[in-house]
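In case you want the letters, here they are:
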Amino acid sequence: DGMDFDSIGRVREMREEFVNFLVKMECQLSATFNCNKETTINSGRQMLRKFDAMMNRKLLGSRWSQPDRAYKRMKWFLFPELTPTSGKLHYHGQIYFPPESEDQIRRFLILRNHIWSKCCKGGDVYVKKLDTVDARRKFANYSLKSFWKEDQRENWIFSDEFQR
């Protein structure tokens, strides 16, 4: 197919395309999910799956997983990172809520740490509003700083994978 994944230029180009994709998503929040303990990539993924289910249930009610509710669910894009000094796993990413979701966003902000600590004991979620294109671009760039590590890409988590 002519794509050379080892090419630095190509990787830069792919990264830029991905940053542009995240900017176009118009996510309202940036988030850092901290585990604050040694955690494997697999258990991190399971914790996020549980968080997604628990949070969506709180935001959308008991029928949150029904197909007719899919368009109301928050979407998120998370990228794992190990803290070099401690080896502790955390995820940087962006969260999108559908239009007319101000109440969902407000409740997410209130509930996030309580629910995440049920999924990841001792964990916390740092959140910031992304209210400008510049803020979204800056955080997308920050989230994708490990883009060049090919083995990292397979560990990216998009909430859609939990909706099957």
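Since the model is a prediction, treat every value here as computed from it, not as a measurement.

## Considering the packing of helix 2 (residues 41-60) against helix 3 (residues 102-119)
Helix 3 packs onto helix 2 with a crossing angle of 140 degrees between their chain directions and a minimal axis gap of 9 Å. By the angle class used here, helix 2 and helix 3 are oblique. Crossing handedness for the pair helix 2 and helix 3: right-handed. Contacts between helix 2 and helix 3 involve Met47, Leu48, Lys50, Phe51, Met54, Met55, Lys58, Leu59 and Leu60 from the first element and Gln104, Arg107, Phe108, Leu111, Arg112, Ile115, Trp116, Lys118 and Cys119 from the second. Residue classes in the contact of helix 2 with helix 3 are distributed as twelve nonpolar, one polar and five charged.

## What about the packing of aromatic side chains?
Any pair of aromatic rings gets described here by the distance separating the centres and the angle formed by the planes. Scanning all chains against the criterion turns up twelve aromatic pairs. Relative to Tyr142, the ring of Phe139 lies with its centre 5.9 Å away and its plane at 45 degrees, an arrangement referred to as tilted. Of this pair, Phe139 and Tyr142 both sit in helix 4 (residues 133-143), separated by three residues, roughly a single helical turn. Here the aromatic residues Phe18, Phe21, Phe77, Phe79 and Phe158 are joined through ring pairs into a cluster of three or more.

## Things to note about the pairing of strand 1 (residues 29-34)
Burial analysis of strand 1 places six of its six residues in the buried class, which makes it a mostly covered element. Burial of strand 1 is two-sided: the residues Leu29, Ala31 and Phe33 facing one way and the residues Ser30, Thr32 and Asn34 facing the other way are all buried. Where strand 1 lies against strand 3 (residues 89-96), six bridges are found, and the strand directions are antiparallel. Each residue of the ladder has a partner; that of Ser30, found in strand 3, is Gln94. Taken together, the six bridges between strand 1 and strand 4 (residues 124-129) define a ladder with antiparallel strand orientation. Bridging from a neighbouring strand, Phe33 pairs with Val125 of strand 4.

## Notes on the pattern of salt bridges
Summed over the entire model, instances satisfying the criterion amount to five salt bridges. For Glu16, the salt bridge goes to Arg137, with nearest N and O atoms at 3.4 Å. In this pair, Glu16 is assigned in helix 1 (residues 8-24) and Arg137 in helix 4, connecting sequence segments 121 residues apart. Looking at Glu16, the relative accessible area reads 36%, which means it is partly exposed. Assessed through its relative accessible area of 28%, Arg137 is described here as partly exposed. Put simply, Arg106 and Asp103 hold a salt bridge, and the shortest N to O gap is 2.5 Å. You can see Arg106 and its partner Asp103 sitting in helix 3, three residues apart, about one turn around the helix.

Conventions adopted
- Residues numbered from 1 in each chain as written.
- Predicted model: local features only at pLDDT ≥ 70, side-chain atom pairs only at ≥ 80, totals over all residues.
- Heavy atoms only, no water.
- Axes fitted to C-alpha atoms, helices over the stretch in contact; angles between N-to-C directions.
- Helix = DSSP H or I, 4+ residues; strand = E, 2+ residues; numbered from the N terminus.
- Parallel < 35°, antiparallel > 145°, perpendicular 65-115°, else oblique.
- Left-handed = near helix turned anticlockwise from the far one by under 90°.
- Contact = heavy atoms within 4.5 Å.
- Nonpolar A, V, L, I, M, F, W, Y, C, P; charged D, E, K, R; others polar.
- Phe/Tyr/Trp six-rings, centres within 6.5 Å; stacked < 30°, edge-to-face > 60°.
- Buried < 20%, exposed > 50% of the residue type's maximum accessible area, 1.4 Å probe, protein only.
- Pairing = 2+ DSSP bridges.
- Salt bridge = Lys/Arg side-chain N within 4 Å of Asp/Glu carboxyl O.

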